[in-house]
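Now for the letters of each chain:
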Amino acid sequence: MIPEVFSNLFCSTFPKNGVGFGSCQNSNPGTPNPSRSSGPPGGAVGQRRPRRARNEALWDCGHPDPARGAPQQEQQDRRCSTMSEGGRGGSLAFGQVVIGPPGSGKSTYCHAMGEFLGRLGRRVAVVNLDPANEALPGPCALDIAQLITLPDVMGSLGLGPNGGLLYCMEYLEANVDWLQEQLEGLKGHYVLFDCPGQVELYTHHNSLKNVFAHLAKWNFRLAAVHLVDSHYCTDPGKFISVLCTSLSTMLHVELPHVNILSKMDLIEQYGKLAFNLDYYTEVLDLSYLVDHLASDPFFRNYRRLNEKLVEVIEDYSLVSFVPLNVQDKESMRQVMQAVDKANGYSFGDQEHRSLEALMSAAVGADFHFSSTLAVQEKYVQSQDKAVEEEVMDL
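Residues numbered from 1 in each chain as written. Predicted model: local features only at pLDDT ≥ 70, side-chain atom pairs only at ≥ 80, totals over all residues. Heavy atoms only, no water.

Visitor: Now, about the overall build of the chain: what can you tell me, with residues and values included?
Guide: When helices and strands are counted, the chain shows 18 helices and 7 strands. By the burial criterion, 46% of the 394 residues in the chain qualify as buried. Excluding contacts between residues fewer than 6 apart, the proportion of contacts in the chain whose partners are at least 24 apart in sequence is 77%. In the form shown here, the chain has an accessible surface area of approximately 20900 Å², with 54% of it arising from carbon and sulfur atoms. (Helix = DSSP H or I, 4+ residues; strand = E, 2+ residues; numbered from the N terminus. Buried < 20%, exposed > 50% of the residue type's maximum accessible area, 1.4 Å probe, protein only. Contact = heavy atoms within 4.5 Å. Areas by Shrake-Rupley, 256 points an atom, 1.4 Å probe, with all protein chains shown as cover.)

Visitor: Describe in detail the packing of helix 4 (residues 106-119) against helix 15 (residues 329-343), supporting the description with residues and values.
Guide: At a closest axis distance of 11 Å, the pairing of helix 4 and helix 15 adopts a crossing angle of 90°. Relative to helix 15, the element helix 4 lies roughly perpendicular. On the side of helix 4, the interface is formed by Y109, A112, M113, F116 and L117, while helix 15 contributes K329, M332, R333, V335, M336 and V339. Looking at the contact of helix 4 with helix 15, its residues break down into 9 nonpolar, no polar and 2 charged. (Axes fitted to C-alpha atoms, helices over the stretch in contact; angles between N-to-C directions. Parallel < 35°, antiparallel > 145°, perpendicular 65-115°, else oblique. Nonpolar A, V, L, I, M, F, W, Y, C, P; charged D, E, K, R; others polar.)

Visitor: Explain helix 14 (residues 303-316) residue by residue, including any values.
Guide: Taking 1.5 Å of rise per residue, 14 residues should cover 20 Å, and helix 14 covers 20 Å from first to last C-alpha, within 8% of that figure. Listed as buried for helix 14 are N306, V310 and I313. Angularly, the buried residues of helix 14 cover 60° about the axis, an arc narrow enough to put them on a single face. Among the exposed residues of helix 14, those pointing more than 90 degrees away from its buried face are R304 and D315. For helix 14, the elements touching its buried residues are helix 10 (236-253), helix 12 (287-294) and helix 13 (297-300). (Expected span 1.5 Å × (residues − 1). Arc of directions from axis to C-beta.)

Visitor: Go over the pairing of strand 5 (residues 220-229) with me, naming the residues and quoting the values.
Guide: Along strand 5, 9 of the 10 residues are buried, which leaves the element largely enclosed by surrounding structure. Note that strand 1 (residues 93-99) and strand 5 share 7 bridges and pair parallel. Looking at the pairing, I99 lines up with H226 of strand 5. Pairing between strand 5 and strand 6 (residues 257-262): 6 bridges, direction parallel. Across the sheet, H226 pairs through a bridge with N259, a residue of strand 6. Taking the sense of rotation as the criterion, the β-α-β connection linking strand 5, helix 10 and strand 6 turns out right-handed. (Pairing = 2+ DSSP bridges. Right-handed = clockwise from strand over helix to strand, strands pointing away.)

Visitor: Let's hear about a nonpolar patch on the surface: which residues, and what values?
Guide: A surface patch of nonpolar side chains, amounting to about 340 Å² of accessible area, comprises L251, V312, Y316 and L318. Judged by relative accessible area, which is 40%, L318 ranks as partly exposed. (Patch = residues over 30% accessible without salt bridge, like charges linked within 9 Å, V, L, I, M, F, W, Y side chains within 5 Å. Salt bridge = Lys/Arg side-chain N within 4 Å of Asp/Glu carboxyl O.)

Visitor: Go over the packing of aromatic side chains, please, and point to the residues and values.
Guide: Applying the stated criterion across every chain yields a total of 11 aromatic pairs. Ring geometry for Y167 against Y171: centres 6.3 Å apart, planes inclined by 25°, an arrangement best described as stacked. On the criterion of helical spacing, the pair formed by Y167 and Y171 is a turn pair, its members being 4 residues apart in helix 6 (residues 161-174). Owing to a relative accessible area of 14%, Y167 belongs among the buried residues under this scheme. Ring geometry for F193 versus F220: centroids 6.0 Å apart, planes at 75°, classification edge-to-face. (Phe/Tyr/Trp six-rings, centres within 6.5 Å; stacked < 30°, edge-to-face > 60°.)

Structure representation (structure tokens):
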């Protein structure tokens with residue numbers, strides 16, 4: 001008998017009638033999910049939904065609502081059919097899904113990248129999908145606060161910040177038709193989705209992953225931009241944790257992925273790098289990092305565990321990083337090129353490009369060693385002695 005995981009993978013890859021990818025049905029019928037509402041839950045743009053209606057117990061996702069009339073049910077079915085057939089034709093929309101741990105600079109990145117792309121002539125729209133983000137650095141075209149907010153959920157349901165954020169994402173998934181109707185007004189824009197900073201949303205929780213799948217059905221060509229603080233490179237133990245988190249996120253989100261080392265101007269704020277910067281951006285032979293980690297008496301007892309974690313990372317060989325400082329135009333250009341290659345924007349007719357640049361993107365002939373070396377010379381202080389020699393001196 002075929003295992004359940006391979007059966008679900010086969011059904012999602014080869015759906016019936018060849019319509020899109022995935023299925024509107026719940027793969028686990030025993031798991032309760034919030035149900036879809038009959039219309040835009042937030043009403044018109046700028047109107048807030050009443051708290052009582054917002055925090056109703058919504059379950060049995062994907063099943064017909066007996067309380068809903070037949071005309072309303074048929075209208076909902078036609079909307080789902082239109083959503084499923086949207087991937088066959090129509091204009092494409094490109095964008096970025098900005099994810100990462102809390103404090104990594106996601107909102108700042110969206111604001112800076114939006115201004116940078118706007119100066120290049122692109123029509124950019126920022127969509128805030130973080131219900132806990134109340135201090136946006138710039139204007140956004142769509143805010144999830146029109147649908148639901150984290151303080152309302154915590155106050156009404158008695159949940160903590162983590163549980164409340166999970167509920168908000170499940171509520172967004174259940175009312176994904178509201179998101180579709182709001183995004184219809186952003187046709188022709190390059191969309192930046194500012195996502196929450198809870199790590200488990202991208203490692204094993206399925207709500208945001210399902211929302212991204214709906215966006216793909218609506219002709220959005222997205223790339224996941226995963227931001228992590230660059231100063232983690234100065235701590236070998238934290239850097240291995242970052243590699244594990246990045247790899248788990250890449251495998252779970254299932255989108256073209258670009259990992260970013262943000263705040264490069266603060267990379268040596270908490271210590272010095274043990275190796276050159278390209279060692280961390282290209283994730284080279286990690287056995288040297290394990291040897292360096294073993295010099296710490298605390299991690300010496302966990303050498304075998306670190307070796308096994310490193311083996312998993314190297315076996316997949318998927319993780320690499322692009323350094324970024326949002327105040328550096330050259331750094332922003334490097335990130336823009338990497339993301340445009342990932343989501344396919346550089347291959348579309350919206351971008352004016354030469355044949356040489358197109359072939360370079362197609363064969364992957366862009367070597368980042370020179371750019372990484374320039375970043376290292378700009379932000380990493382030169383040192384006469386290696387870190388290992390300084391440790392021996394101490």
